[in-house]
Amino acid sequence: MSETLRLPMNYGIEFRNDTTDKGSKMVNCYAEDYNGTIYAKKRPGYTSSGVDFGSGIAQGLYTYANKIYAVLNNTLYRTDLTTTTTVGTLTGTTDPCSFTNTLNDGYMFFQKGDYGYTYNGTTLARVRSDGVAFINITAGGTGYASAPTVTFGPEWAASTAYNVNDQIAYGANLYTVTVAGTTSTVAPTFTSGSQTDGTATLTYAGERATGSSTISGGIVVEIVITNPGTGYLNPPTITIGAPGGSGTQAYADCTLNGFPSGSMVPGTAYFDTYVFVMTEDGKIWNSQPNDPTKWDALDFITAEAEPDKGVALAKHFNYLVAFGQWSTEFFYDAGNATGSPLLPNQTMRIEFGCANGDSVVEMQQTVVWVAVGRNTGRTVLMLDGTRPVQISDVSVERILNQSNLENVRSYSLKISGHYFYVLNLLDDDLTLVCDIKSKQWCIWTSYVNGQETILDGVFYTSYKNEGYALDNIDGKLYNISEHNYTDEVGPIQYRIRTPLIDANSTKRKFIGRLEIVGDKIGATLRIRHTDDDYNNWSQYRNVDLNATRSVLYQNGNFRRRAYEYFCTDNQPLRLQACEMDLEPGTA
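Residues numbered from 1 in each chain as written. Predicted model: local features only at pLDDT ≥ 70, side-chain atom pairs only at ≥ 80, totals over all residues. Heavy atoms only, no water.

A.B. asks: Account for the layout of surface pockets, with residues named and values stated.
C.D. replies: Here the largest pocket defines a volume of roughly 1,300 Å³. In this structure, the largest pocket is lined by 48 residues; those nearest its centre are Val361, Glu362, Tyr411, Ser412 and Tyr460. Sorting elements by how many residues they give to the lining of the largest pocket places strand β39 (residues 408-415) first, with eight residues. Classifying every residue of the lining of the largest pocket gives 24 nonpolar, 17 polar and seven charged. (1 Å grid on protein atoms, 1.4 Å probe; cavity = no way out; pocket = protein on both sides within 12 Å on 5 of 7 lines; lining within 4 Å. Points joined across faces, edges and corners; volume = space filled by probe spheres on them. Helix = DSSP H or I, 4+ residues; strand = E, 2+ residues; numbered from the N terminus. Nonpolar A, V, L, I, M, F, W, Y, C, P; charged D, E, K, R; others polar.)

Shown next as structure tokens:
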């Protein structure tokens, strides 16, 4: 007696080992619940936005002041999708960038591990630790009829003995003494390298700091830094012009910028007027309120509940989340008048850290990351409030624990009420995607030059209610839209593979009718099967999805079988089930 078996199209990923060759999976689709009916819906297309920044290593993508900003090969670009311009260049490594912006788009701040940068819509500047940032007027003086000059020294002097690491200024230049000795009678003017000066040797250090003063009632009340200078080893002396008549002299001293010189971990945050970064030694540094160009060297707090290194920093509700190697701490704004405004919440520590800082994604009401414990394997966690919730399964964790996790990119993507965590494992050529609500994982790929590979687009931003992604190496900016059903680089390889099916019996079964249930669209579905545990596959057979009955007959017999459904047509594919009539055998 025959029976009808209905197979769903919704399957999780089954990884038996470090490959995806055996077991069920959904590729380039995701499960969608529509009024209680579950469909396997095709992912959105990554199509051309019309913007190509040129080939190079992608480092970041961000929206600021109604423009998209991209970093490739240490060059910052700006586009409004009509006009694209080069903003400026960066120095150092080509590592991924972490972005944030201050109140009312006053500044965009970003850092890439070695250096931090600010952009105010006009000027791109590196945040340095070798320039003047703060000036303290120790005596305002009296009797000033006009604003006096302000000079940062000490000034180079002829026939004067200097020691190693003394710094002297002349004109607009700053020099460091690298060989002790006595200067000549001719002032230095070179702007690169080193030169002898008498018996001393001077090395060009950078630009001399400059400033201007303001008076009120004959008293110096403010000194404004017009150029913070570069190359200072220590705070320079400040000389203020003398007052007229019987007035008294004004005095001031200064402090260098305290931006951290240690290696910064991924992540930056704007929180209660401050910009925050964290270094590998676990120190969380903050800028001055709404001014990420200025950082005090004493404004930090250390995540030190465990002796592990810092790995990443994120913002979550009214907390900063500091991820270590095997621990996670939460910090809140305690409003401290000096030093860091933060204090740790001692009751919220998590005994899981972060396996790679580039896996951390701030999402709607949560944070998701690849976590690791001190003596445990890797898993994917998300925050429910401040409580960690596991969203990875054994198959995903098997892949994560076998990966070196050295080159990781991740972002969040929202599509029609679905929030996805997109995890790109570059070294494994694999993109894992998790629907946060259902906690179901799938694989997304791109079809490039006739080959399926990692999903194009490793950085993401939202611009004018549309999603955009930046390609990893070719500088293309893709528009992500569920109204697009193909990719710019090639057709989307929609694929569903079932687990092994035996209809609760290892006896031979004969299949008469096999029918695909789903939306009627102008597309062809290709179907094949394996009867030997995914080792060998049959030839594909085609089914017209626009036919009244999308059906195949004469489907052979099996004991245990798995099916694969495959389609590359440029159509909004949505499949519900595969229905088949089974006639049981006797053995």
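A.B. asks: Describe in detail the environment of Gly45, supporting the description with residues and values.
C.D. replies: With respect to the secondary-structure elements, Gly45 resides in strand β5 (residues 45-52). Note: C-alpha distance between Gly45 and Asn401 (356 residues apart in sequence) is 30 Å.

A.B. asks: If you had to explain the side chain of Gln167 to someone new, which residues and values would you point to?
C.D. replies: You can see Gln167 is positioned in strand β17 (residues 167-170). A polar atom in the side chain of Gln167 sits 2.9 Å from the side chain of Thr176. A distance of 2.8 Å separates the side chain of Gln167 from the backbone oxygen of Gly231, its partner in a polar contact. Setting aside residues up to four positions removed in sequence, Gln167 forms contacts with Pro154, Leu174, Tyr175, Thr176, Ala205, Gly231, Tyr232, Leu233 and Asn234. (Polar contact = N/O pair within 3.5 Å; in protein donor to acceptor, adjacent residues only side chain to side chain. Contact = heavy atoms within 4.5 Å.)

A.B. asks: Summarise the sheet that holds strand β32 (residues 328-333); cite the residues concerned and give the values.
C.D. replies: The strand order across the open sheet built from four strands is β30-β31-β32-β33, with neighbouring strands paired in antiparallel fashion. Of all the strands in the sheet, the pair left with one neighbour each is β30 (310-316) and β33 (342-344). For this sheet, the mean inter-axis angle between neighbouring strands, taken without regard to orientation, is 30°. Across four bridges, strand β31 (residues 319-324) lies against β32 in antiparallel orientation. In the sheet register, Val321 faces β32, and the bridge partner there is Phe330. (Pairing = 2+ DSSP bridges. Axes fitted to C-alpha atoms, helices over the stretch in contact; angles between N-to-C directions.)

A.B. asks: Outline the pairing of strand β10 (residues 98-101), supporting the account with residue identities and numerical values.
C.D. replies: Direction of pairing for β10 relative to strand β11 (residues 108-111): antiparallel, over a ladder of four bridges. Bridge pairing in β11 places Ser98 opposite Gln111.

A.B. asks: Explain empty space enclosed by the protein residue by residue, including any values.
C.D. replies: The full count for this structure, using the stated rule, is three cavities of 30 Å³ or more. In this structure, the largest cavity encloses a volume near 80 Å³. Along the walls of the largest cavity sit Met278, Gly282, Ala303, Asp308, Lys309, Gly310, Ala322, Phe323, Gly324, Ser327, Thr328 and Glu329, which together make up its complete lining. Elements supplying a minimum of two residues to the lining of the largest cavity: β31 and β32. No other element matches the three residues that β31 contributes to the lining of the largest cavity. The residue inventory of the lining of the largest cavity, partitioned by class, reads four nonpolar, five polar and three charged.

A.B. asks: Lay out the pattern of salt bridges with the relevant residues and their values.
C.D. replies: All told, the structure shown has 24 salt bridges when counted by the stated rule. Of the charged contacts, one joins Arg574 and Glu32 as a salt bridge, the two residues approaching to 4.0 Å between their closest N and O atoms. Of this pair, Arg574 sits in strand β55 (residues 574-584) while Glu32 is found in strand β3 (residues 29-34), placing the two residues 542 residues apart along the sequence. For Glu579, the salt bridge is made with Arg513, and the minimal N-O distance between the two is 3.0 Å. Note that Glu579 is positioned in strand β55 and Arg513 in strand β49 (residues 509-518), a separation of 66 residues in sequence. According to the relative accessible area criterion, Glu579 is buried, its value standing at 18%. You can call Arg513 buried: its relative accessible area is 11%. The network of salt bridges with shared partners includes Arg6, Arg513, Glu515, Arg549, Glu579 and Asp581. (Salt bridge = Lys/Arg side-chain N within 4 Å of Asp/Glu carboxyl O. Buried < 20%, exposed > 50% of the residue type's maximum accessible area, 1.4 Å probe, protein only.)

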